[in-house]
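Geometric and topological summary
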Amino acid sequence: AIPTDLFRYNTSVTFFSSTFQGCTGLTGAIPTDLFRYNTSTVGFTNTFVNCTGLTSIPTDLFRYNILVTSFTSVFYGCTGLTGAIPTDLFKYNTSATRFDYAFYGCRNLILNTSIFDVTKLNIVISFLSCFYNTSITYSNTGTVQDIWNYTTATSQTCFGSNTRLTNYASIPAGWK
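All of the points below concern the structure found in this document. These numbers come from a predicted model, not from an experiment.

1. A short note on unusual backbone geometry
- Even without glycine at this site, Asn50 takes up a positive phi of about 55°.
- Located in the positive-phi region is Ser129, a residue other than glycine, with phi close to 55°.
- By secondary structure assignment, the location of Ser129 is in the loop between β4 (109-111) and β5 (141-142).

The following block contains the structure:
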């Protein structure tokens, strides 16, 4: 398990790139306040890549990290994550420009209509394969936020192979 106060006194950390990458032995939930005191952080690239034992993401995990620009591959391959992605998970991360592969291969998730603050998505450069799954057998469920209407990013394959989404038919072809 990850200790709640692991990074509490590391307030000047700017990157958590590859911090827990490949930690298949990590199990259970991520502590809610794990990154609360890391307000200088600008990148979470590859932070939890292939941490297959993690089961859930806390609602306010990134709430205080308002300077972050990249969440590229943050939960890539975390096949143990189940249930709904927390409402407003990235609401406060209005400086973020990249969500490439953020949940790639996370095949047991329920997507919801309020993960991002859509009024701030105009700065996002890329959602490349953000929620992509490796086959339709592992399609996530739920109803996704219409992020394609709020960003200039195009042809993203963001929701590839997620045919069981309730609004899959309304997702533009370049986003499937």
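2. A short note on the nonpolar core
- By size, the foremost hydrophobic cluster in this structure holds 49 residues, and its most contacted members are Phe48, Phe62, Phe75, Phe103, Phe127, Phe131 and Phe159.
- Ignoring anything within four residues of it in the chain, the contact list for Phe159 reads Leu111, Phe131, Val144, Gln145, Ile147, Trp148, Leu165, Tyr168, Ile171, Trp175 and Lys176.

3. Looking at the environment of Phe20
- Note that Phe20 resides in the segment before β1 (28-29).
- The class of Phe20 is buried, set by a relative accessible area of 8%.
- Not counting chain neighbours up to four residues away, the residues in contact with Phe20 comprise Ile2, Leu6, Phe7, Leu26, Leu34, Thr47, Phe48, Val49 and Cys51.

4. Re empty space enclosed by the protein
- This model, assessed by the stated rule, comprises 2 cavities of 30 Å³ or more.
- Volume-wise, the largest cavity comes out at about 70 Å³.
- Taken together, 13 residues form the lining of the largest cavity, with Asn93, Thr94, Asp117, Lys120 and Leu121 sitting closest to its centre.
- Of the residues in the lining of the largest cavity, the class split is 7 nonpolar, 3 polar and 3 charged.
- Taken as a whole, the second largest cavity encloses approximately 40 Å³ of empty space.
- Around the second largest cavity, the lining residues are Leu111, Asn112, Ile115, Phe116, Phe131, Val144, Gln145, Ile147 and Phe159.
- Across the lining of the second largest cavity, the residue classes tally to 7 nonpolar, 2 polar and no charged.

Scoring rules and cut-offs
- Residues numbered from 1 in each chain as written.
- Predicted model: local features only at pLDDT ≥ 70, side-chain atom pairs only at ≥ 80, totals over all residues.
- Heavy atoms only, no water.
- Helix = DSSP H or I, 4+ residues; strand = E, 2+ residues; numbered from the N terminus.
- Core = buried A, V, L, I, M, F, W, Y, C linked by side-chain atoms within 4.5 Å.
- Buried < 20%, exposed > 50% of the residue type's maximum accessible area, 1.4 Å probe, protein only.
- Contact = heavy atoms within 4.5 Å.
- 1 Å grid on protein atoms, 1.4 Å probe; cavity = no way out; pocket = protein on both sides within 12 Å on 5 of 7 lines; lining within 4 Å.
- Points joined across faces, edges and corners; volume = space filled by probe spheres on them.
- Nonpolar A, V, L, I, M, F, W, Y, C, P; charged D, E, K, R; others polar.

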